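Residues per chain are reported as follows:
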Amino acid sequence: MIILKFLHVLFIFIWMGGLLMLTRMLGYLSKESDATFQAMNRINKRIYFFIDLPSMILAVTFGLLLLFLKDMNWKAPWLHMKLMFAFLLIVCDITCGCLIAKGKRRSRVFYQILHGLTGLFLIGVLVAIYILKQRV
Ligand code: HEM
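Once a new chain begins, its residue numbering starts again from 1 and follows that chain's sequence as written. Owing to the predicted nature of the model, reporting of local features is limited to residues with pLDDT of at least 70; listing and counting of side-chain atom pairs is limited to 80 or more, with chain, interface and lining totals taken over all residues. Just so you know, side-chain values use all the structure's heavy atoms and leave hydrogens and water out.

Here we look at the coordination of the iron atom of the ligand
For Na, K and Ca the donor cutoff is 3.2 Å, while for all other metals N, O and S atoms must lie within 2.8 Å; water is not among the atoms, so some sites may look incomplete. Only H8 (NE2) and K82 (NZ) from the protein coordinate the iron atom of the ligand, and they sit 1.8 to 2.1 Å from it. For the iron atom of the ligand, the 6 donor atoms are set out with angles of 81 to 178° between them, so the coordination reads as octahedral. Remark: K82 occurs in helix α3 (residues 77–102) and H8 occurs in helix α1 (residues 2–29); sequence separation between them is 74 residues. Burial here depends on accessible area, computed with a 1.4 Å probe over protein chains only, as a share of the maximum for the residue type. Under 20% is buried, over 50% is exposed, and the range in between is partly exposed. A residue is classified by how much of its surface remains accessible, and H8, at 13% relative accessible area, is buried. Irregular is the default label, applied whenever a site is not tetrahedral (four donors, all angles between 85 and 135 degrees) and neither square planar nor octahedral (four or six donors, opposite donors over 155 degrees apart, all other angles between 65 and 115). By the criteria applied, helices consist of DSSP H or I runs no shorter than four residues and strands consist of E runs no shorter than two, each listed in order from the N terminus.

Remarks on the site of the ligand
We call a residue near a given molecule or strand whenever any one of its heavy atoms falls within 4 Å of it. Neighbouring the ligand are 20 residues, the closest being K5, H8, K70, K82 and K133. Taking K70, its side chain carries an N or O atom lying 2.5 Å from an oxygen atom of the ligand. Those elements that place two or more of their residues in the shell around the ligand are α1, α2 (34–69), α3 and α4 (108–135). When its residues are assigned to classes, the shell around the ligand shows 14 nonpolar, 2 polar and 4 charged. Two N or O atoms form a polar contact when they lie within 3.5 Å of each other; inside protein one atom must be a possible hydrogen donor and the other a possible acceptor, and for residues adjacent in sequence the pair counts only when both atoms belong to side chains. Three classes are used, and their members are as follows: Ala, Val, Leu, Ile, Met, Phe, Trp, Tyr, Cys and Pro are nonpolar, Asp, Glu, Lys and Arg are charged, and the others, Gly among them, are polar.

Quick look at the structure:
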């Protein structure tokens, strides 16, 4: 079980690092010329499909394995809060991935909001685990 938790947290780190970097990078690129945006988007595609997406899939898979193999209290408010923010992080990731895959360009404010929400939801998960869970 400890190996599952280790792998879950390891891939969470890689996933969060990739998603925060990509949403910030897209914000900077939104001000660049179309040629620069498309050239950098080819690199973003590799980062998304070779690092971000696989680490998200592995982090969630190990999390779900932990959830079903461990004796979890499914009624625990901290777990509901954590899974809600985890779901919102997955939505942010897929939104980012679709934009990168299509090479679609959005406004700078859009990327700033996506980046900010990603950070906020990450903090939400950590508050659920390290504050709410400790209080139960
Ligand atoms: C669908 C998504 C997820 C599921 C099903 C899931 C499930 C779990 C489970 C069952 C545990 C073990 C809890 C325990 O030992 O009491 C765990 C631990 C952990 N999860 Fe997740 N998780 C998910 C997403 C995330 C996300 C998005 C983050 C952070 C951004 C995260 C961070 C952690 C951390 C840091 C731990 C270790 C907590 C400790 O030290 O005990 N998880 N996860």
